[in-house]
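Spelled out from the first residue to the last, the chains are:
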Amino acid sequence: MSVAGTLAPPALPAARRITGVGLAVASGLAVAVQSRINGELGVRLADGIAAAVVSFGLGLLVLVVLVPATPRGRRGLVALRGALTDGTLRPWQCLGGVCGAFLVAAQGLTIGTLGVAVFTVAVVAGQSGSSLAVDRAGVGPSGPQPVTGRRLAGAALTVVAVLLAVGDRLGDPGTLGLALLPLLAGVGIAWQQAVNGRVRMASGSVLTATLVNFTVGTAALLVAFAVDLAVRGWPAGGAPAEPWLYLGGPIGIVFIAVAAAIVRFTGVLLLGLATIAGQIVGAVLLDLLLPTAASRPGPVTLLGAALTLAAVGVAALAPTAPRPGR
């Protein structure tokens, strides 16, 4: 067998891939809800970084209680320590939470101005290209994934679809400048999903991988918040009384856990595209049902949302290439 053949991933069962896509779409819907919650919390606190600390911190508290309380969680912690000790898992592969922290901070900092849909299109633009590169490099647990024509077409169609969905709101230079934050967050999401999948494989526990993500992310946000306090002082807004504004962290647990569990079946690109489909559909529904001053979805937006689902279908139904010589 050639060297190239040893690097190619084995063909994955279509049923697992399609099931993984369905779960990823559902988790993307949850992310759209999380984005609205964290964006509103950022507005109420008048500090997006403080909102991110609250979101990640609450998620971490839930996991600190949940993981040691479950047999699989405890076994996962032991396995994680062993994998780090023997070099099966590298320390840098545990840093995916930094990218998640940046995404949540971007939600709190920008969604009040951009709206959920524009925020999502910026994330998509960064995530689509980054997912192709991460898959090709083999960073995720499924190993290197070839950049086939259909996978590339799915990624390109996704970007076109979300641009169509929110194109009427991209003409404002101020909006475009602010959208750089979610754009960079999208670039980081693909790497986060890949390395979190590695942690899940090494520990044998989705909950353990999610705990690692939230621990690292919370630590990064606390550092950023300390700098924020030194520069700007304590957040001007008071703690809101509505309980739903504190659900961003628990929703994030679901998203990270689902991604860590299924990335080995889908690859990073397909996971990202399916999540994007859920996000854009969820964002449009939120902007329709619970509009804000920044949300104005119309018929073209709805068409763009439908095209994102078609784009995921194109990529999901693409056959995975078997290893040469098999």
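In this text the structure is predicted, and so the values were computed from the model without any measurement.

(A) Expanded view of the overall build of the protein. What the protein contains, in helices and strands, is twelve helices and zero strands. Taking all 326 residues of the protein together, 52% fall into the buried category. Within the protein, counting contacts between residues at least 6 apart in sequence, those at least 24 apart form 86% of the total. With an accessible surface of roughly 13400 Å², the protein has 73% of that area assigned to carbon and sulfur atoms.

(B) Spatial organisation of the environment of Gly73. With respect to the helices, strands and loops of the structure, Gly73 is situated in helix 4 (residues 71-86). Taking the C-alpha atoms as reference points, Gly73 and Leu207, separated by 134 residues in sequence, lie 6.1 Å from one another. Once residues within four sequence positions are removed from consideration, Gly73 is found in contact with Val67, Ser205 and Thr208.

(C) The pattern of salt bridges, seen in detail. Taken as a whole, this structure holds three salt bridges when the rule is applied. Measuring nitrogen to oxygen at the nearest pair gives 2.9 Å for the salt bridge that ties Glu40 to Arg44. Taken together, the residues Glu40 and Arg44, both in helix 2 (residues 14-45) and four residues apart, mark about one turn of the helix. The partly exposed category is assigned to Glu40, whose relative accessible area is 25%. Taking the shortest distance from any N to any O, the salt bridge between Arg232 and Asp228 comes out at 3.6 Å. A residue pair is termed a helical-turn pair when its members lie 3 or 4 positions apart in one helix, as Arg232 and Asp228 do in helix 10 (residues 206-232) at four residues.

(D) Inspection of the side chain of Ser205 at higher detail. Here Ser205 lies in the loop between helix 9 (180-203) and helix 10. In this structure the side chain of Ser205 is engaged in a polar contact, spanning 3.1 Å, whose partner is the side chain of Thr208. Excluding anything up to four places from it in sequence, Ser205 contacts Arg72, Gly73, Gly76 and Arg200.

(E) The packing of helix 5 (residues 96-114) against helix 10, seen in detail. Between helix 5 and helix 10, the shortest axis-to-axis distance is 7 Å and the interhelical angle comes to 55 degrees. Between helix 5 and helix 10, the angle falls in the class oblique. Of the two elements, helix 5 crosses helix 10, and the hand of that crossing is right-handed. Where helix 5 abuts helix 10, its residues Gly96, Gly97, Val98, Ala101 and Ala105 lie against Asn213, Val216, Gly217, Ala220 and Leu221. Partitioning the contact of helix 5 with helix 10 into residue classes produces six nonpolar, four polar and no charged.

(F) Looking closely at the confidence of the model for the protein. In this model, the protein carries a mean pLDDT of 79, and residues with pLDDT of at least 70 account for 78%. Looking across the protein, the model is least confident in helix 1 (residues 3-7), with a mean pLDDT of 41, and most confident in helix 4, with 94. Overall, residues 1-10 carries pLDDT values under 50, and its contacts beyond four positions in sequence, including any with other chains, amount to 17 contacts.

(G) Focus on helix 4. Its 16 residues give helix 4 an end-to-end C-alpha distance of 23 Å, which sits within 8% of 22 Å, the value for a rise of 1.5 Å per residue. Within the sequence span of helix 4, burial applies to Gly73, Gly76, Leu80 and Ala83. The arc that holds the buried residues of helix 4, viewed along the axis, is 80 degrees, so those residues lie on one side. Those residues of helix 4 that are exposed and angled more than 90 degrees off the buried face are Arg75, Val78, Arg81, Thr85 and Asp86. Looking at the buried residues of helix 4, the elements they touch are helix 3 (48-69), helix 9 and helix 10.

(H) Structural view of the nonpolar core. Phe56, Leu63, Phe214 and Leu221 are the most contacted members of the largest nonpolar core, which has 23 residues in total. For this core, the element with the highest residue contribution is helix 3, accounting for nine residues. Beyond its immediate chain neighbours, meaning those up to four positions away, Phe56 contacts Gly97, Gly100, Ala101, Val104, Asn213, Phe214, Gly217, Thr218 and Leu221. Core analysis: the second largest hydrophobic core is formed by 14 residues, Val134, Val195, Val268 and Leu270 among them.

Calculation rules
Residues numbered from 1 in each chain as written. Predicted model: local features only at pLDDT ≥ 70, side-chain atom pairs only at ≥ 80, totals over all residues. Heavy atoms only, no water. Helix = DSSP H or I, 4+ residues; strand = E, 2+ residues; numbered from the N terminus. Buried < 20%, exposed > 50% of the residue type's maximum accessible area, 1.4 Å probe, protein only. Contact = heavy atoms within 4.5 Å. Areas by Shrake-Rupley, 256 points an atom, 1.4 Å probe, with all protein chains shown as cover. Salt bridge = Lys/Arg side-chain N within 4 Å of Asp/Glu carboxyl O. Polar contact = N/O pair within 3.5 Å; in protein donor to acceptor, adjacent residues only side chain to side chain. Axes fitted to C-alpha atoms, helices over the stretch in contact; angles between N-to-C directions. Parallel < 35°, antiparallel > 145°, perpendicular 65-115°, else oblique. Left-handed = near helix turned anticlockwise from the far one by under 90°. Nonpolar A, V, L, I, M, F, W, Y, C, P; charged D, E, K, R; others polar. pLDDT = per-residue confidence, 0-100. Expected span 1.5 Å × (residues − 1). Arc of directions from axis to C-beta. Core = buried A, V, L, I, M, F, W, Y, C linked by side-chain atoms within 4.5 Å.

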